[in-house]
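Descriptive structure summary
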Amino acid sequence: MAIEPVVGDKYFFTWAELGKPTVQGSIKLPGLGTLIFDDADAHYANTVGDKAAFFIRKSSVMGNDVYVVVSRQQPA
């Protein structure tokens, strides 16, 4: 199954789909590349918990097949 963007060039991943990371680091995304998960992303996930979700997109500045979080879904 191909991974498709949900809005423009942005992909949507839940915290669970990312493996529930709790600290910064690099996360391998099969079929896409590597996500750079920073301290702010980890803090958000640890605060929100299972409802945490992220919009990510490719960062040409960071290199080929490197993705960064561009937005976080805010729970209602």
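Read on for an overview of the structure. Please read these numbers as outputs of a predicted model, since none were measured by experiment. (Residues numbered from 1 in each chain as written. Predicted model: local features only at pLDDT ≥ 70, side-chain atom pairs only at ≥ 80, totals over all residues. Heavy atoms only, no water.)

1. Structural notes on the overall build of the chain
Looking only at helices and strands, the chain features one helix and five strands. The helix and strand sequence of the chain, counted from the amino end, reads β-β-β-α-β-β. For a compact globule of 76 residues, the expected C-alpha radius of gyration is about 11 Å, and the chain comes in at 12 Å, within 12% of that figure. A total of 76 residues make up the chain; the buried ones form 33% of that total. Look at the contacts in the chain between residues 6 or more apart in sequence, and 46% of them connect residues 24 or more apart. Carbon and sulfur atoms make up 53% of the accessible area of the chain, which totals about 4,800 Å². Put simply, the chain has 7 plus and 8 minus side-chain charges, and the middle of one group is 2 Å from the middle of the other. (Helix = DSSP H or I, 4+ residues; strand = E, 2+ residues; numbered from the N terminus. Rg over C-alpha atoms; globule rule 2.2 N^0.38 Å. Buried < 20%, exposed > 50% of the residue type's maximum accessible area, 1.4 Å probe, protein only. Contact = heavy atoms within 4.5 Å. Areas by Shrake-Rupley, 256 points an atom, 1.4 Å probe, with all protein chains shown as cover. Lys, Arg positive; Asp, Glu negative; His and termini not counted. Charge placed at Lys NZ, Arg CZ, Asp CG, Glu CD.)

2. What about the sheet that holds strand β4 (residues 53–58)?
Judged by pairing direction, the sheet is mixed, and its five strands sit side by side in the order β1-β4-β5-β3-β2 without closing on themselves. The sheet is open, and its two edges are formed by β1 (11–14) and β2 (25–29), each paired on a single side. Each strand axis lies, on average, 40 degrees off the axis of its neighbour in the sheet, ignoring direction. Relative to the sheet, helix α1 (residues 39–48) contacts β3 (33–37), β4 and β5 (66–72), its axis offset from that of β3 by approximately 75 degrees. (Pairing = 2+ DSSP bridges. Axes fitted to C-alpha atoms, helices over the stretch in contact; angles between N-to-C directions.)

3. A short note on unusual backbone geometry
A negative phi angle is the norm for most residues apart from glycine, just as the trans form is the norm for most peptide bonds. Its identity is not glycine, yet Lys-20 carries a phi of approximately 55 degrees, on the positive side. Within the fold, Lys-20 resides in the loop between β1 and β2. Classification of Lys-20 as partly exposed rests on a relative accessible area of 39%. Unlike most non-glycine residues, Asp-65 shows phi in positive territory, near 60 degrees. Summarising the element assignment, Asp-65 is placed in the loop between β4 and β5.

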